[in-house]
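# Summary of the model geometry
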Amino acid sequence: MGIIVEHKDSGKKYILLGTGFGAFKASRPSVFFGDWLPKEESGELTMVAVCDDQGQIGWIRSEELTVVQVEGRRPAEML
């Protein structure tokens, strides 16, 4: 069976393949001091690898998904 997840906004269902973690850091020159005092941004993203009914693999942010089934059973049935 596996784990079936649903995209919260679209309602589309996917098979969960795995999880991942992304981190980023970017900098750009500031308006007043250019490269001497650049504006820096960084963050972390928790991502999930999924595939659709056509077998196409993609990555979706974990907070955009809800688990619908695990091995054919709803999560509430397992607790």
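To start, this report covers the structure provided alongside it. (Residues numbered from 1 in each chain as written. Predicted model: local features only at pLDDT ≥ 70, side-chain atom pairs only at ≥ 80, totals over all residues. Heavy atoms only, no water.)

## Section: the overall build of the protein chain
Regarding its fold elements, the protein chain presents 1 helix and 5 strands. At 19 Å, the protein chain has a C-alpha radius of gyration far larger than the 12 Å of a compact globule built from 79 residues. Expressed along its principal axes, the backbone C-alpha trace of the protein chain runs to roughly 60 × 30 × 20 Å. Relative to its 79 residues, the protein chain shows a buried fraction of 18%. The long-range share in the protein chain, meaning contacts at least 24 apart out of those at least 6 apart in sequence, stands at 45%. When the accessible area of the protein chain is evaluated, it comes to approximately 6200 Å², of which 55% is carbon and sulfur surface. (Helix = DSSP H or I, 4+ residues; strand = E, 2+ residues; numbered from the N terminus. Rg over C-alpha atoms; globule rule 2.2 N^0.38 Å. Buried < 20%, exposed > 50% of the residue type's maximum accessible area, 1.4 Å probe, protein only. Contact = heavy atoms within 4.5 Å. Areas by Shrake-Rupley, 256 points an atom, 1.4 Å probe, with all protein chains shown as cover.)

## Observations concerning unusual backbone geometry
In this model, Glu71 sits at a positive phi of 50°, which is unusual for a non-glycine residue. Mapped onto the elements, Glu71 comes out in the loop between β5 (65–70) and α1 (75–78).

## Looking at the pattern of salt bridges
Enumeration according to the criterion identifies 3 salt bridges in this entry. Salt-bridge contacts for Lys25 lead to Glu40; the nearest nitrogen and oxygen are separated by 3.9 Å. Within this pair, whereas Lys25 is found in strand β2 (residues 13–30), its partner Glu40 is found in strand β3 (residues 34–51), the two being separated by 15 residues in sequence. A salt bridge links Glu63 to Arg61; its shortest N-O distance comes to 3.5 Å. (Salt bridge = Lys/Arg side-chain N within 4 Å of Asp/Glu carboxyl O.)

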